[in-house]
Amino acid sequence: MNTLTAPVSAAHLNYLLRIADSSLILGHRLSEWCGHGPVIEEDIALTNVALDLIGQARALYTHAGASEGRDRDEDVFAFNRPQEEFCNVSMVELPNGDYACTIVRNFLFTAFQRELWVALHSSPDAALAQIAAKSVKETRYHVQHASDWTVRMGDGTDESHARMQRALDYLWPYTAEFFSASLDDGEIAMSGIGPVWASLETGWRKAVLPLLDVATLQIPTRTAFVSRGKEGTHGEHMQTLLNEMQFLQRAHPNCKW
Amino acid sequence: MNAHVNHKEWPLWEVFIRSRNGLDHKHCGSLHAVDAAMALKNARDVFTRRMEGVSVWVVRADDIVASDPDVKPEMFDPAADKIYRHPTFYTLPDEVNHM
């Protein structure tokens, strides 16, 4: 299937892990809503999204492990790596906050994923292209789900509007990292494995801005802040998340159940 | 009747799912949603997680007009002894199978 010979370059591996880690960490955050959703229908909807995201991460980790040729499987990537080896974008590791914050993050990030999956259709990494083709269907639904709620709550009551605007103001600066330059960009551009993320910004803005407008939300002004989760520099909440996510494998190495 | 409706709750919707093309939509449950679009989306999330369907209908539970259980005797019992309404008294030619 994968026509590329293992081991692939470090840049290629990092590229896969950035996507996989972002899916996994957001999937984990959304799983925290399980049993706590505002209504049971939303509880199930968010858990579905969480499972889709974790499924995307699993496929990518398995592919990354095979491409790397060091015998690391999906569990090793998810449960045995320290914080600084995770290269998810910082936005996904932030605590869920209220439902407005959860929804706005899902909207901003899954809209980005959609651009990414579409561009990856034509990747010469055949396994990656296949994962992208499957994932884009899931992600389209995630964007739809988040879009519906963004409009309902943004253009809803005074209270829901205020919460949505607060969530957008808080999260917007973290979107800069989706498109910030990475050290690997040159090599990725040369190999054509996938798009350099900066190239996805135009499409993302074209999808995101009109919907925020329909939701009567104000786009915050751009600041100089750029988070650096992609480079392994995480915020204060990441370790707490990993402590919980990795607890079982850390306490009982290689346990099965 | 509407006097009993709790307006703080989202309205109730009944969900019908067609499991395969060519089959009928079947009632499979109910859920709460503020409008039709949300009801469809919720139905997808709640009732089609395990590939149960290829098509979903939702209808406001309030919009279903149901027969009154108290009038069951006069509604349905009279049909019980009208066996001549079943087409079982015809002899079918051998060529006609699967009737």
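Residues numbered from 1 in each chain as written. Chains lettered and ligands numbered in written order. Predicted model: local features only at pLDDT ≥ 70, side-chain atom pairs only at ≥ 80, totals over all residues.

S.K.: Tell me about the overall build of chain A, and name the residues and values.
M.R.: Assigned secondary structure in chain A consists of 10 helices and zero strands. Listing each helix as α and each strand as β along chain A from the N terminus yields α-α-α-α-α-α-α-α-α-α. Rg of the C-alpha trace for chain A: 18 Å, near the compact-globule value of 18 Å for 257 residues, within the 12% margin. For chain A, the spread of C-alpha atoms along the three principal axes comes to 55 × 45 × 30 Å. Taking all 257 residues of chain A together, 44% fall into the buried category. When contacts within chain A are restricted to residue pairs at least 6 apart in sequence, long-range pairs at least 24 apart make up 78% of them. (Helix = DSSP H or I, 4+ residues; strand = E, 2+ residues; numbered from the N terminus. Rg over C-alpha atoms; globule rule 2.2 N^0.38 Å. Buried ≥ 20, exposed ≤ 12 C-beta atoms within 10 Å, placed from the backbone. Contact = placed C-beta atoms within 7 Å.)

S.K.: Describe the environment of D35 of chain B, with residues and values.
M.R.: In this fold, D35 of chain B is placed in the loop between strand 2 (25–32) and helix 1 (36–47). Here the alpha-carbon distance between D35 of chain B and W13 of chain B, two residues 22 residues apart in the chain, equals 9.1 Å.

S.K.: Help me get a handle on the packing of helix 4 (residues 99–120) of chain A against helix 9 (residues 201–214) of chain A, residues and values and all.
M.R.: All names here are of chain A. Interaxial distance between helix 4 and helix 9 falls to 9 Å at its minimum, and their mutual angle equals 135°. Taken together, the axes of helix 4 and helix 9 lie oblique to each other. The chirality of how helix 4 crosses helix 9 is right-handed. Facing L108, A111, F112 and E115 of helix 4, the residues of helix 9 in contact are G203, W204, A207 and V208. Its residues assigned to classes, the contact of helix 4 with helix 9 comprises six nonpolar, one polar and one charged. (Axes fitted to C-alpha atoms, helices over the stretch in contact; angles between N-to-C directions. Parallel < 35°, antiparallel > 145°, perpendicular 65-115°, else oblique. Left-handed = near helix turned anticlockwise from the far one by under 90°. Nonpolar A, V, L, I, M, F, W, Y, C, P; charged D, E, K, R; others polar.)

S.K.: So, helix 2 (residues 40–68) of chain A: which residues are in play, and what are the values?
M.R.: Look at helix 2 of chain A: 41 Å from first C-alpha to last across 29 residues, which is about the 42 Å you get at 1.5 Å a residue. Of the residues flanking the end of helix 2 of chain A, it is G69 of chain A, one or two places downstream, whose phi is positive at about 70°. (Expected span 1.5 Å × (residues − 1).)

S.K.: Kindly report on the interface of chain B and chain A, identifying the contributing residues and their values.
M.R.: Counting residues at the interface gives eight residues for chain B and seven residues for chain A. No other element matches helix 1 of chain B, which puts four residues into the side of chain B that touches chain A.

S.K.: Explain the nonpolar core residue by residue, including any values.
M.R.: In terms of nonpolar packing, the biggest core is built from 66 residues, with A20, L60 and V104 of chain A touching the most fellow members. Looking at this core, the elements that each hand over two or more residues are helix 1 (10–31), helix 2, helix 3 (74–79), helix 4, helix 5 (126–154), helix 6 (158–171), helix 9 and helix 10 (238–251) of chain A. Among the elements that take part in this core, helix 4 of chain A stands out by supplying 12 residues, more than any other. Those residues in contact with A20 of chain A, other than ones at most four positions away along the chain, are A57, L60, Y61 and A64 of chain A. Counting 10 residues, the second-largest nonpolar core is a separate cluster that includes I17, M38, A43 and V58 of chain B. (Core = buried A, V, L, I, M, F, W, Y, C linked by C-beta atoms within 7 Å.)

S.K.: Got a sec to walk through the sheet that holds strand 3 (residues 55–60) of chain B? Specific residues and values, please.
M.R.: All names here are of chain B. What the three strands build is an open sheet, ordered 2-1-3; its pairing is antiparallel. A strand with exactly one partner marks an edge of an open sheet, and here the two such strands are strand 2 and strand 3. Across this sheet, the average inter-strand angle for adjacent strands is 25°, counted without regard to direction. Where strand 1 (residues 12–18) lies against strand 2, seven bridges are found, and the strand directions are antiparallel. (Pairing = 2+ DSSP bridges.)

S.K.: Account for unusual backbone geometry, with residues named and values stated.
M.R.: All names here are of chain A. If you check the backbone angles, D71 has positive phi at about 65° while not being a glycine. Tracing the backbone through its elements, the reader meets D71 in the loop between helix 2 and helix 3. A positive phi angle is found at N254, which is not glycine, with a value near 65°. By the secondary structure assignment, N254 is in the segment after helix 10. According to the C-beta neighbour criterion, N254 is exposed, with 8 such atoms within 10 Å.

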